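The lines below spell out each chain.
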Amino acid sequence: MSLEPIVRYSRNVEGKITIATVLLCVLAISAFFLLDVQYKSGIHASNVATTSVFVVNSPPEWVIEPAEVPASSASNPTNEGDVVTWTATAEDPNGFNGYWLLICKNTTATETDMIIYDPDVPGSQPDCPGGEANRWARSALTDDGEMATATYQTLEGRDENVENVWYAFICDNDEYHPRCNVEDISQGYGDSGSPFYVNHRPVFTEFNAPDPTDPGELAQWTSVASNTNTVLSDQTVKLFVCRTDQFDEENVECQGGDENTYASSTYAINPTVNYTTNHPKPHGFYDAYGFIVDAYNLTAPLPTNPNYHGQEERMQGTNAQLEINNVAPTVEVGTFEFFDQGNEGDLPDSIITPTVEEAETHGFRVTFETSDANSCVNIDWDEGIGTTTNHMEMTDVAVNIYRSGVGVNNCQEDGHHNPNNCYPFEVATSTYGTEEGWQITCTVDNSGCAGNTDTNVKWECSFPLWFLADPTDGNNATTSVYWDEEWVASVVVTDSGLLSSDLTEGENGVDVGSFLAFRLGQDSIAFGDLEVGEADPLLDKPTAIFATGNTGIDQELEGTPMCPMFDPLDSPDYGCADYDVDTGTPEDTIPARFQQFAKGLSTSYGSGVQLADVRAGGDPAFLDLNVLKTTSITNIQNEDIGWGIRIHDDITRAGIYTGQNTFIVVASDASNWE
Amino acid sequence: MLVRGNPDSDLTASIEVNVPGADEWITIEPGEEVFLPKGERQVPIVVKILVPNKADFGDYKGTIRVRTQPADGEATGGGAVSIVLGARINVNLSVIDRVIREFEISSVKILDFNEGRKVWWLEYPGKMKFRMVLRNTGNVPVAPSKVTVDIYDSTGKKLLERTEHTNRIKKVDPFKTEEVFAELPSHLPPGNYRGEFVIYNGEKEVRSGNLSFNIRPAGTVAGDTGYGFMGLSLWHKTTIVGPIVLTLLLIFSLIFYFSKRSRLLFIKLIYSWKSVYRFPINRTKKCFVFVLRGFSRRKLSKD
């Protein structure tokens, strides 16, 4: 915008006159105001009248109506002992006063019933109609427009009602005329409004232990318990079964958490707890403490709670022990292993063989495992102590060793004992070393038992067998009578509670090998005095053959020539004259073929078997002697071989002729053993 | 084992092998003369039989005789025939032209093992070690063809897992007894279990039964390293191998793309193949055209 036109206007006369007029007006007006020029009328008052009015105090008014914080309702009550809190905001229309929030048990429409604030009484505060007895709560003096808070500590015990009506007042502290808003009391709205609800502790009158339970089976605790506050929306309760007598009320769980909790129920009236017991688990009694909590996380009263006096209230934290049954142990049939004498290693043998004639051979071993659902340790075991013999659950075994064809039921009693085929545990050990005696010693190897989570232990048993134990080796009936059987073990295991397993036969057996052994009744054959050309009429020079192993036996026989200069080490002539084995008759040597032998002592010379000559290099002469297998320790089977000799006619030298015969034992056909 | 009831003097045992046709296959250890010292009741000998590769098939029967002799040659009183003892062992060998693949299991055990572990998304199972004492009753090295275990809870009532061996089980030579192991994966947590096992020889079930065993928390069983990559499931293996393969393919593709020489080589390769398959096509075309022309010429001439 340009000022040039104004400047041009002000340069002319008209402009100047206008400007001057304006300036004069401004000055006049300014003077009027500055100097306060007053127009005075012609009428003047000669007196002043003072007026006054007393504005009455009004009671405060709600800005935010009272509410329970948090809301205390039938579905979310306040647990006894907890605090009910109300908040509200009010303002005083007079603008200068503070106020109290009063929560009363009853109401009134008249202020006169209220206990009003008295400004002349130090510490005066308003109160409900009837005073403190009818008051739930009262806030502190709160500034106008600020939020007031009033609290009430609910009572423990059942004396207090579950459902409690309240009325809220606000009263100011006016110094002249304090007021309360009796005409505008409030009970709040909805769940946060009146009434408030107090939840009392649930009733817990029975806590029942489960029936004795096997490991791995279901145990059930039952209870009689409920929340009897029927006004509330939920009367159900939850049962916790804890391993200790401590309950964490803050976290609503057994003290120590899951580790100390058997189980808990769902919410129900008269809840039950189902718990699958551990497997394995040592038998015995285990503490189990019951705790009831209602749906509002309030526990049943402890027996020591002074606010609950009824006897029926005493079940919280009581002990209804869990009893784990003692279960009979079992034998692990697939774990049997047999070891031959001298085998100290880990690999079992498939055949064990007696090696001591006419006596027991010691040092055979059988190992096996047994199992117990109560674990390999008893209830006294503790992880800190470790596993010792005193803590073993399976304490004893009875082991029978027998040939499989005998059958498990026929080798378990003393009367079944037969050294040929059955060695029962019950054979009296006092007769050890005799035919009636047998001793098996067993020890438990607890190194494999780590504790109450293991079920198995290993046993090692050492036992002897008599020399005549039936052999089961070979692959046909010629080799041994029982070639298609084996020797097995059966076991009864007993635990610390004196329960025993069934008599159980192991799946794995072992062969007993053939023990080919014999003994001669004589260590030489004395033919006596004979003249040249003379022969023994009968083959009656005896050599008794005793079967001292576990087979029947036959004999092979061969011999050296006899001569005065006999030398057993001087092979091949043995110090005797060289001659044709089949036809030679040297004058100072009696060839072997002039000896004969036969079974028994009544065969005539000439009807026996010619002795084979070792110098011939062929097979020895065979005698089908058929000594039976010895079946009695005190009666060794034997047969006689009768011998005779003829002094051939070409002998010229008189004197003592000696020689050497070899008795070679042969296992006879098994069909001839009995 | 040479045994004697009264070892009251030194003896010498001579061992004679007489198995016609197979004498040379049989050796005696420590030798054909064995000293039996005074006081020793038992002296072991070992009879070894080594059948030659080209041995004739058939049965070989004979004997092994043991004869003893006093070491000092001392004989009994004069005028009597002294007696020395011996024993005869029958030998019966069969050399056959048939493979016999047979074995017996004399004992079984499932050893304690550590639970499996999880590394990121990969679940490595625990490695069950199934111990067997195997006796080879055949004439060729043999091992179980399959071992399966159904794992139940400790009460034996609830089936939890089925598993089969994953390793190559060591073969045992004929006539030997050895301890062998089958390894089976398991994803079960620590605890006590029962396993129902079956051991197979081919399709034939050799042995079955059930055993109790424990799975221990990780790291409890010393020396048990568990399964590695091969123990993972097929899917988990794929999640490892797949990205590696794809990455390699991508790398090679990029190399090829940016390498002119590679492209030229590729093109040459395509064209070289092209010539191979185009030749018969071209020839066929030419023949067809020739025939058509010939046909049309004939038609024209007729017309």
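Residues numbered from 1 in each chain as written. Chains lettered and ligands numbered in written order. Predicted model: local features only at pLDDT ≥ 70, side-chain atom pairs only at ≥ 80, totals over all residues.

A closer look at the overall build of chain B
Helices and strands together make up the secondary structure of chain B, namely two helices and 18 strands. Out of the 303 residues in chain B, the part that is buried amounts to 22%. Here the contacts in chain B between residues at least 6 apart in sequence split such that 69% fall between residues at least 24 apart. (Helix = DSSP H or I, 4+ residues; strand = E, 2+ residues; numbered from the N terminus. Buried ≥ 20, exposed ≤ 12 C-beta atoms within 10 Å, placed from the backbone. Contact = placed C-beta atoms within 7 Å.)

Details of the overall build of chain A
Summing up its helical and strand segments, chain A has two helices and 41 strands in all. Across the 674 residues in chain A, those meeting the buried criterion constitute 43%.

Digging into the domain arrangement of chain B
Taken domain by domain, chain B comprises domain 1 (2–95) and domain 2 (103–227). In this structure, domain 1 of chain B and domain 2 of chain B have C-alpha centres spaced 44 Å apart. (Domains from an automatic or database assignment.)

Structural notes on the confidence of the model for chain A
For chain A, the average pLDDT comes to 88, and 90% of its residues sit at 70 or higher. A low-confidence stretch, residues 32–46 of chain A stays under pLDDT 50, and its non-local contacts, those more than four residues away or across chains, total one contact. (pLDDT = per-residue confidence, 0-100.)

Thoughts on the nonpolar core
Residues and elements named next belong to chain A. Val399, Tyr402, Val491, Ile553, Phe597 and Val665 are the most contacted members of the largest nonpolar core, which totals 89 residues. Sorting elements by how many residues they give to this core places strand S27 (residues 487–495) first, with six residues. Ranked by size, the runner-up nonpolar core spans 30 residues in total, among them Cys104, Ala148, Ala168 and Tyr197. (Core = buried A, V, L, I, M, F, W, Y, C linked by C-beta atoms within 7 Å.)

Examining the pairing of strand S3 (residues 83–91) of chain A
All names here are of chain A. Residues Val84, Trp86, Ala88 and Ala90 of S3 are buried on one face, while the alternating residues Val83, Thr85, Thr87, Thr89 and Glu91, pointing to the opposite face, are not. Relative to strand S6 (residues 147–153), S3 is paired through seven bridges, and the arrangement is antiparallel. Across the sheet, Val84 pairs through a bridge with Tyr152, a residue of S6. (Pairing = 2+ DSSP bridges.)

What about the environment of A:Ala526?
All names here are of chain A. Along the chain, Ala526 falls in strand S31 (residues 524–526). For Ala526, a count of 14 C-beta atoms within 10 Å corresponds to the partly exposed category. Separated by 16 residues in sequence, Ala526 and Pro542 have C-alpha atoms that sit 9.0 Å apart.

A word on the interface of chain B and chain A
Chain B puts 37 residues into the contact, and the matching count from chain A is 45 residues. Those elements giving two or more residues to the side of chain B that touches chain A turn out to be strand S7 (58–70), strand S8 (80–95), strand S9 (103–110), strand S13 (126–136), strand S16 (177–186) and strand S18 (204–216) of chain B. Considering each element in turn, the side of chain B that touches chain A owes the most residues, nine residues, to S8(B).

Here's the deal with the domain arrangement of chain A
All names here are of chain A. By the assigned domains, chain A splits into domain 1 (4–30), domain 2 (61–199), domain 3 (203–324), domain 4 (330–512) and domain 5 (518–672). Centre-to-centre, using C-alpha coordinates, domain 4 lies 46 Å away from domain 5. The interface of domain 4 with domain 5 comprises 17 residues on the first partner and 13 residues on the second. In terms of residue class, the side of domain 4 that touches domain 5 is made up of nine nonpolar, four polar and four charged. (Nonpolar A, V, L, I, M, F, W, Y, C, P; charged D, E, K, R; others polar.)

Observations concerning the sheet that holds strand S11 (residues 218–226) of chain A
Residue and element names in this part refer to chain A. Ordered by their spatial adjacency, three strands build an open sheet running S10-S11-S16, and the pairing between neighbours is antiparallel. The sheet is open, and its two edges are formed by strand S10 (203–208) and strand S16 (272–276), each paired on a single side. The mean angle between the axes of side-by-side strands here comes to 20°, regardless of whether they run parallel or antiparallel. (Axes fitted to C-alpha atoms, helices over the stretch in contact; angles between N-to-C directions.)

Focus on helix H1 (residues 234–258) of chain B
Residue and element names in this part refer to chain B. With 25 residues, H1 should cover 36 Å at 1.5 Å per step; its first-to-last C-alpha distance of 35 Å lies within 8% of that length. The largest bend along H1 reaches roughly 25° and is located at Ile240, with the proline Pro243 sitting one to four residues downstream. Judged by how many residues are buried, H1 sits mostly at the surface: zero of 25 residues are covered. (Expected span 1.5 Å × (residues − 1). Bend = angle between axes of the 7 residues up to and from the residue.)

Remarks on the sheet that holds S6(A)
All names here are of chain A. If you walk across this open sheet you meet the three strands as S1-S3-S6, and the pairing is antiparallel. With one partner strand each, in any of the chains shown, strand S1 (61–68) and S6 form the two edges of the open sheet. The sheet shows a mean angle of 15° between the axes of neighbouring strands, direction not considered.

A look at the environment of A:Asp536
Residues and elements named next belong to chain A. Looking at the secondary structure, you find Asp536 in the loop between S31 and strand S32 (538–539). In the structure, Asp536 is positioned 164 residues away from Asp372 in sequence and 74 Å away in space, judged by C-alpha atoms. Excluding anything up to four places from it in sequence, Asp536 contacts Phe527, Tyr605, Gly644 and Ile645.

Section: the environment of A:Asp484
All names here are of chain A. Along the chain, Asp484 falls in the loop between strand S26 (456–466) and S27. The exposure class of Asp484 is partly exposed, given the 13 C-beta atoms found within 10 Å. With twelve residues separating them in the primary sequence, Asp484 and Thr472 have C-alpha atoms 6.7 Å apart.

Some remarks on unusual backbone geometry
All names here are of chain A. The linkage connecting Ser194 with the following residue, Pro195, adopts the cis geometry, with an omega of -5°. Its location among the elements puts Pro195 in the loop between strand S8 (167–172) and strand S9 (196–199). Of note, the amide linkage connecting His279 to Pro280 takes the cis form, showing an omega dihedral of 5°. Summarising the element assignment, Pro280 is placed in the loop between S16 and strand S17 (284–286). Here the phi dihedral of Asn270 falls at roughly 55°; this positive angle occurs in a residue that is not glycine. Along the chain, Asn270 turns up in the loop between strand S15 (261–264) and S16. The exposure class of Asn270 is partly exposed, given the 15 C-beta atoms found within 10 Å. Of note in the backbone geometry, Asn626 takes a positive phi value of approximately 55° without being a glycine.

So, the confidence of the model for chain B
Summary statistics for chain B give a mean pLDDT of 85 and a share of 89% for residues scoring 70 or more. ipTM for the predicted complex: 0.78, alongside a pTM of 0.79.

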